[in-house]
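In case you want the letters, here they are:
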Amino acid sequence: MIRFEHVTKRYADGTTAVDDLSFEVAEGELVTLVGPSGCGKTTTMKMVNRLIEPTEGRIFVDGDDISAIDPVRLRRRIGYVIQQVGLFPHRTILENTATVPHLLGWKRGKGRERAAELLDLVGLDPSVYGDRYPEQLSGGQRQRVGVARALAADPPVLLMDEPFGAVDPVVRERLQNEFLKLQEQVRKTVLFVTHDIEEAVRLGDRIAVYGQGSIEQFDSPATVLGAPATPYVADFVGADRGLKRLSVTPIEEGDLDQPPVVHLDDSLARATERLRSEGARWAVVLDGQDNLHGWIPADGTGGAGAGDTVRAHARRMEAWLPVGAPLKQAFATMLQHDAGWIAVIDEESTGRFLGVLTPARLHEALRRSIDADAHAVPRAEVAVETVESVAR
Ligand SMILES: Nc1ncnc2c1ncn2[C@@H]1O[C@H](COP(=O)(O)OP(=O)(O)O)[C@@H](O)[C@H]1O
Ligand SMILES: [Mg+2]
C-alpha cells in the first residue's frame, strides 16, 4: 500500500535526514517508525503526503507514484494526525471533524452525519461534545478529535506523527488502547511515528527501528525484542527487552500443563481420594460442558457430608485468562492473585478449559519464543530479500 524505493532526503543545508530508504507497508498494516529524535521519522512521514519532496527515489501509494499526483488531491486520500492537533479554535468539534468531507464537497448534512459517527467511534458522544469548542476539551479529548477528523473522509492511509506524545502516560495508554480497537474496525494502512519503544511495541504489527536516517531493523515487535538485528537496536530497545517481550508474546495451548480435573457432579469423596492417590494438591473443577467452573483442594474439604458432590465445595477461580492473552497479563494475574498457576480457557464467551499456566511454563514459553526468533533466517538474508522485492 505504501512503498519506498531508495528514497533519500537531503535538506538545503546539507543534512541528510533520510538515506536510501526502502520498505513496504501492506494494506491494513500498522507500522510504527521508532527512533531517537532527529533520526528522520517525521521527514519520512511528510514525504508520503508530499509536505516534503524526496531528493532521490520514489514513493508509491496504492501502486501510484505519488510524484505524479497533485499534492492536494493526494492529501485527501491520506489522513494525517499530529501532536499539535491543529483544530480550528473558532469552529465546533463537529465542524472541525467534518473539515475534510467539507473540502471534498460533501453535502453539509452528510458531512456532519459522518463526523458524528466518527466522534462516536473515538469515544466522544457527539450530542455532548459536538457543539463544544476545542478549548473546552482536555488534551486527550482533542487528540481523539484529531483522529476522528483524520478518518472522516475514510482515507485508506493514515499518517500519525507522535499523536499521543503530549498527553500524560495514563491518558496515553488509554488512547493507545482505544486506537487499537478502532484500527481493528477500520483497518487502515497506518504509518505511526513515535520515539517511545513501548508505544511502538504495543501498537505496531511491525516496527521500523531507525538509526540515523535509515532503518536498522524492520520486524514484528516480538522479533525486534527477542532478536535485535544490531547492537544499536539492542541498546535502543533496552536491557528490559525480555520483560517488554512478555507483553507481545501470547499464551499458546502448547504452553499449558494439564492438572487433574474433576466435574461438578462427581462424588466429593471419590474425587478427593483420587487426588490423594495421585499426590495432587488440587484439581480444576469443570461443569457438564467442560467449561471452567473453579478449583478444589485435595484437603481442606472438612465438614463434607457423605453424599456431597464436588459442587458444594468447589472454590471460585480468581485467576484465569483466555488463550492468546499476552504472557505479561498472565504474569500480572499471578501476582495480583498471589496464585501459583492460572487457568486458561479457549475464549471468554465459551469458557472451555484448556489447561493451566505455571511460572515454570511461562518461563519456558518466553524462552522458546526468543529462541525461535534467534534461530530464524539470518538477518543479512532478510535484508537482501527486502531490497530485491522492493526493486522488482
Ligand atoms: N527543514 C529542515 N531543514 C534542515 N534540516 C532539517 C529540516 N527538517 C528536519 N531537519 C533535520 O533532519 C533530521 C531529521 O529530522 P526529523 O525527520 O524531523 O526527525 P525526527 O522526526 O525523527 O525527530 C534532523 O537532523 C533535523 O534537524
Ligand atoms: Mg519528528
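As the structure is a computational prediction, the values presented were derived from the model and not from experiment.

**Examining the domain arrangement of the chain**
Link 1 in the chain: Split into domains, the chain comes out as domain 1 (2–246) and domain 2 (253–365).
Link 2 in the chain: Between the C-alpha centres of domain 1 and domain 2 the distance comes to 44 Å.

**Let's talk about the sheet that holds strand β6 (residues 78–82)**
Link 1 in the chain: Read across the sheet, 6 strands follow the order β6-β7-β8-β3-β9-β10 without closing on themselves; strand pairing throughout is mixed. The outermost strands of the open sheet, each flanked by one partner alone, are β6 and β10 (215–219). Neighbour to neighbour, the strand axes of the sheet diverge by 15° on average, direction disregarded.
Link 2 in the chain: Against the sheet, helix α1 (residues 41–48) makes contact with β3 (30–34), β6, β7 (157–161), β8 (189–194) and β9 (206–210), and its axis sits at roughly 155° relative to β8, the strand it touches most.
Link 3 in the chain: Sitting on the sheet, helix α7 (residues 139–151) is in contact with β6 and β7, with an inclination near 170° to β6.

**Let's talk about the sheet that holds strand β2 (residues 16–25)**
Link 1 in the chain: Across the sheet, 4 strands lie side by side as β2-β1-β4-β5; this open sheet has antiparallel pairing. A single partner strand is all that each edge strand has here, and the edge strands are β2 and β5 (64–65).
Link 2 in the chain: Bridging between strand β1 (residues 2–10) and strand β4 (residues 56–61) involves 5 bridges; their strand directions are antiparallel. Within the sheet, the bridge partner assigned to Arg-3 lies in β4 and is Phe-60.
Link 3 in the chain: Contacting β1, β2 and β4, α1 runs over the sheet at an angle of about 120° to β1.

**Some details on the packing of aromatic side chains**
Link 1 in the chain: Under the counting rule described, the total for this entry stands at 8 aromatic pairs.
Link 2 in the chain: Judged by centre distance (5.9 Å) and plane angle (55°), the rings of Phe-164 and Phe-192 are tilted. Of the two residues, Phe-164 sits in the loop between β7 and α8 (169–186) while Phe-192 sits in strand β8, which places them 28 residues apart along the sequence. Of the two residues, Phe-164 and Phe-192, neither departs from the other in class, the shared state being buried.
Link 3 in the chain: Centre to centre, the rings of Tyr-232 and Phe-236 are 6.4 Å apart; their planes meet at 10°, and the pair counts as stacked. Highlighted residues: Tyr-232 and Phe-236, both in helix α11 (residues 231–237), separated by 4 residues, approximately one helical turn.

**Some points on the site of ligand 1**
Link 1 in the chain: Around ligand 1, the surrounding shell consists of Tyr-11, Asp-13, Thr-15, Ala-17, Pro-36, Ser-37, Gly-38, Cys-39, Gly-40, Lys-41, Thr-42 and Thr-43.
Link 2 in the chain: Contact between ligand 1 and Cys-39: an oxygen atom at 3.2 Å from a main-chain N or O atom of the residue.
Link 3 in the chain: One nitrogen or oxygen atom from the main chain of Gly-40 is found 3.1 Å from an oxygen atom belonging to ligand 1.
Link 4 in the chain: Relative to its unbound accessible surface of 560 Å², ligand 1 loses 61% to contact with the protein.
Link 5 in the chain: Broken down by element, the residue count for the shell around ligand 1 peaks at 3 residues, all from α1.
Link 6 in the chain: Broken down by class, the residue content of the shell around ligand 1 amounts to 4 nonpolar, 6 polar and 2 charged.

**Structural notes on α7**
Link 1 in the chain: Look at α7: 19 Å from first C-alpha to last across 13 residues, which is about the 18 Å you get at 1.5 Å a residue.
Link 2 in the chain: Within α7, 11 of the 13 residues are buried, which leaves the element mostly enclosed by the surrounding structure.
Link 3 in the chain: When we look at burial in α7, the residues that qualify are Gly-140, Gln-141, Gln-143, Arg-144, Val-145, Gly-146, Val-147, Ala-148, Arg-149, Ala-150 and Leu-151.

**Things to note about the nonpolar core**
Link 1 in the chain: Ranked by size, the top nonpolar core spans 29 residues in total, and within it Val-147, Met-160, Phe-164, Phe-179 and Phe-192 carry the most contacts.
Link 2 in the chain: Dropping the residues within four chain positions of it, Val-147 is found in contact with Val-81, Val-122, Met-160, Phe-164, Phe-179 and Leu-182.

**Focus: the side chain of Asn-291**
Link 1 in the chain: Within the fold, Asn-291 resides in the loop between β12 (282–286) and β13 (292–297).
Link 2 in the chain: Within polar-contact distance, the side chain of Asn-291 engages the backbone nitrogen of Arg-352 at 3.4 Å.
Link 3 in the chain: Setting aside residues no more than four positions away along its own chain, Asn-291 makes contact with Val-285, Leu-286, Thr-350, Gly-351, Arg-352 and Phe-353.

**Notes on the packing of helix α5 (residues 108–121) against α7**
Link 1 in the chain: Put simply, α5 and α7 touch, their axes get as near as 9 Å, and they point 135° apart. As summarised for this structure, α5 and α7 are arranged oblique, according to the angle between their axes. For α5 against α7, the interelement crossing comes out right-handed. Residues Arg-114, Leu-118 and Leu-119 of α5 touch α7, and the partners they reach there are Val-145, Ala-148 and Leu-151.
Link 2 in the chain: Residues of the contact of α5 with α7, tallied by class, amount to 5 nonpolar, no polar and 1 charged.

Basis of the calculations
Residues numbered from 1 in each chain as written. Chains lettered and ligands numbered in written order. Predicted model: local features only at pLDDT ≥ 70, side-chain atom pairs only at ≥ 80, totals over all residues. Heavy atoms only, no water. Domains from an automatic or database assignment. Pairing = 2+ DSSP bridges. Helix = DSSP H or I, 4+ residues; strand = E, 2+ residues; numbered from the N terminus. Axes fitted to C-alpha atoms, helices over the stretch in contact; angles between N-to-C directions. Contact = heavy atoms within 4.5 Å. Phe/Tyr/Trp six-rings, centres within 6.5 Å; stacked < 30°, edge-to-face > 60°. Buried < 20%, exposed > 50% of the residue type's maximum accessible area, 1.4 Å probe, protein only. Near = heavy atom within 4 Å. Polar contact = N/O pair within 3.5 Å; in protein donor to acceptor, adjacent residues only side chain to side chain. Areas by Shrake-Rupley, 256 points an atom, 1.4 Å probe, with all protein chains shown as cover. Nonpolar A, V, L, I, M, F, W, Y, C, P; charged D, E, K, R; others polar. Expected span 1.5 Å × (residues − 1). Core = buried A, V, L, I, M, F, W, Y, C linked by side-chain atoms within 4.5 Å. Parallel < 35°, antiparallel > 145°, perpendicular 65-115°, else oblique. Left-handed = near helix turned anticlockwise from the far one by under 90°.

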